[in-house]
Amino acid sequence: MRPPKSVLGATSLAALVALTACGTAQSDDEPLVLTTFTVLADMTRTVAGDHVRVESITKPGAEVHGYEPTPGDLRHAAEADLVLDNGLGLERWFEQFLADTDAAHVVLTEGVEPLPIGDDSSTQLNPHAWMSPLTAQIYVDNIEAALSDLAPEHAADFAANADAYRSELQAVHDELTTTLAAVPEHQRALVTCEGAFGYLVRDAGMREAYLWPVNSDQRGTPQQIARTVDFVRENDIPAVFCESTVSDKAQRQVAADTGAAYGGTLYVDSLSDPDGPVPTYLELLRHDVATITSGLNP
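Draft legend 1. Focus on the overall build of the protein chain. Along the protein chain, the regular secondary structure elements total 10 helices and 10 strands. Out of the 298 residues in the protein chain, the part that is buried amounts to 55%. Expressed as a percentage of contacts within the protein chain between residues at least 6 apart in sequence, the contacts between residues at least 24 apart total 63%.

Draft legend 2. Molecular detail of helix H8 (residues 222-235). With 14 residues, H8 should cover 20 Å at 1.5 Å per step; its first-to-last C-alpha distance of 20 Å lies within 8% of that length. Every buried residue belonging to H8 is among Gln224, Ile225, Thr228, Val229, Phe231, Val232 and Asn235, and all of these are buried. All buried residues of H8 fall inside an arc of 160 degrees around its axis, so they share one side. Exposed and oriented more than 90 degrees from the buried face of H8 are Pro222, Gln223, Arg233 and Glu234. In the segment just after H8, Asp236 is the residue with positive phi, at about 55 degrees.

Draft legend 3. Seen up close, the state of the cysteines. Counting across every chain of the model gives 1 disulfide. Put simply, Cys193 and Cys242 are joined by a disulfide, and their sulfur atoms are 2.1 Å apart. In this structure the cystine formed by Cys193 and Cys242 twists about its S-S bond by roughly -115 degrees; its chirality is therefore left-handed. Of this pair, Cys193 sits in strand S7 (residues 189-194) while Cys242 sits in strand S9 (residues 239-243), and the two are 49 residues apart along the sequence. Across the pair, exposure class does not vary: Cys193 and Cys242 are buried alike.

Draft legend 4. Seen up close, the side chain of Asp73. Tracing the sequence through the fold places Asp73 in helix H3 (residues 71-77). In this structure, Asp73 is buried with no salt-bridge partner, the nearest side chain bearing the opposite charge being Lys59 at 5.9 Å. Here the side chain of Asp73 touches Thr70 through a polar contact of 3.0 Å, landing on its backbone nitrogen. Other than its neighbours up to four places away in sequence, Asp73 contacts Ile57, Tyr67 and Phe97.

Draft legend 5. Here's a closer look at the pattern of salt bridges. According to the stated counting rule, one finds 7 salt bridges in the structure shown. We note a salt bridge from Arg166 to Asp141, for which the minimum N-O separation is 2.7 Å. One end of the pair, Arg166, is in helix H6 (residues 155-180); the other, Asp141, is in helix H5 (residues 136-150), with 25 residues separating them in the sequence. Taking the shortest distance from any N to any O, the salt bridge between Glu168 and Arg286 comes out at 2.5 Å. Of this pair, Glu168 sits in helix H6 while Arg286 sits in helix H10 (residues 281-296), placing them 118 residues apart in sequence. By relative accessible area, Glu168 is classed as buried at 10%. Look at the salt bridges and you will find they share partners, linking Asp141, Glu144, Asp163 and Arg166 into a network.

Draft legend 6. How the structure looks around the packing of H8 against helix H9 (residues 249-258). H9 packs onto H8 with a crossing angle of 45 degrees between their chain directions and a minimal axis gap of 9 Å. Of the possible angle classes, the one that applies to H8 and H9 is oblique. Our pair here, H8 against H9, has a crossing hand that is right-handed. Contacts from Ile225, Thr228, Val229, Val232 and Arg233 in H8 reach Ala250, Gln251, Gln253, Val254, Asp257 and Thr258 in H9. Split by residue class, the contact of H8 with H9 holds 5 nonpolar, 4 polar and 2 charged.

Draft legend 7. Quick look at the packing of aromatic side chains. Scanning the model with the defined rule gives 3 aromatic pairs in all. Both rings, one in Phe37 and one in Trp130, keep their centres 4.9 Å apart while their planes meet at 55 degrees; by these two values the pair is tilted. Highlighted residues: Phe37 in the loop between strand S1 (32-35) and helix H2 (38-48) and Trp130 in the loop between strand S6 (124-125) and H5, separated in sequence by 93 residues. There is no split in this pair, since Phe37 and Trp130 are both buried. Where Tyr67 meets Trp93, the ring centres are 5.2 Å apart and the plane angle is 65 degrees; that geometry is what we call edge-to-face. Here the residue Tyr67 occupies a position in the loop between strand S2 (53-56) and H3, and Trp93 occupies one in the loop between strand S3 (82-85) and helix H4 (95-99), the gap between them amounting to 26 residues. Looking at Trp93, the relative accessible area reads 6%, which means it is buried. Taken together through their ring pairs, the aromatic side chains of Tyr67, Trp93 and Phe94 make up a single cluster. Above the plane of the ring of Tyr262 lies Arg252, whose end atom (NZ or CZ) is 4.0 Å from the centre.

Draft legend 8. The pairing of S3, seen in detail. Of the two faces of S3, both are covered, the one formed by Leu82 and Leu84 as well as the one formed by Val83 and Asp85. When S1 meets S3, the two strands line up parallel, connected through 3 bridges. Of the residues in S3, the one forming a bridge with Leu34 is Val83. Note: S3 against strand S4 (residues 104-107), 4 bridges, orientation parallel. Note that in S4 the partner of Leu82 across the bridge is Ala104.

What counts and how
Residues numbered from 1 in each chain as written. Predicted model: local features only at pLDDT ≥ 70, side-chain atom pairs only at ≥ 80, totals over all residues. Heavy atoms only, no water. Helix = DSSP H or I, 4+ residues; strand = E, 2+ residues; numbered from the N terminus. Buried < 20%, exposed > 50% of the residue type's maximum accessible area, 1.4 Å probe, protein only. Contact = heavy atoms within 4.5 Å. Expected span 1.5 Å × (residues − 1). Arc of directions from axis to C-beta. Disulfide = S-S within 2.5 Å. Lys, Arg positive; Asp, Glu negative; His and termini not counted. Salt bridge = Lys/Arg side-chain N within 4 Å of Asp/Glu carboxyl O. Polar contact = N/O pair within 3.5 Å; in protein donor to acceptor, adjacent residues only side chain to side chain. Axes fitted to C-alpha atoms, helices over the stretch in contact; angles between N-to-C directions. Parallel < 35°, antiparallel > 145°, perpendicular 65-115°, else oblique. Left-handed = near helix turned anticlockwise from the far one by under 90°. Nonpolar A, V, L, I, M, F, W, Y, C, P; charged D, E, K, R; others polar. Phe/Tyr/Trp six-rings, centres within 6.5 Å; stacked < 30°, edge-to-face > 60°. Lys NZ or Arg CZ within 6 Å of the ring centre and 35° of its normal. Pairing = 2+ DSSP bridges.

All we've got here are geometric facts, nothing functional implied.
Below you can see the structure in the form of structure tokens.
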């Protein structure tokens, strides 16, 4: 048996980037695990090592909320041995896949205590639980259990990889909270386009404001912009941000109207291509933490 791969080494990171780029490095004899989007695929590859094939339905850069499956996607689902989705209402289109496959199905937010998102008239569950490095450890627990059920002969390797991964996630959380300590308390607020950071700001002891709750909603209305402008002015927020899968036009207007800086692009629903800024989930978290803390503590 091969020794378990650590997520800590440069060789492992290079291997994970290669896997993200081309799908899998394993043979077709290995079980196929299908995930709904690239973040979940990368998390699963990190725990799986070389023991299973992992593929994402959506590609890097795709907006997961309103994705429209293709006939090829549906045919591919029929080949899967295990399908993993986020749940909490994120992938409403995913029911089509479940109808066309006999594979085992695991919802990776099982065990997560969901947060609400939206105003009083449109409150729903916030599906972006993976954006908290602490909550993401529950995802890792669920991935480890699902893979161990799928390929029990490799359970020890899955457990070792999962342990290392949870340690890395904890380190990202610790970095965030330590760096934010230098930001004046009244300015510790994250202002974004989509309300995708509720779990992260909760764990970091921050406040949040956003233009719209989720990307499937109406976006960048005059009312949303005016409400966000008021929040930024009243709280003297130094920087505002937007996500990679949507237009930043409305948020740049908020920055212009308030004098706040446009702090940069955050990644949420998708990884980048392998040569981009966030080829893995850990790099996504680290990029966002660095961007947020730099913008709030210029």
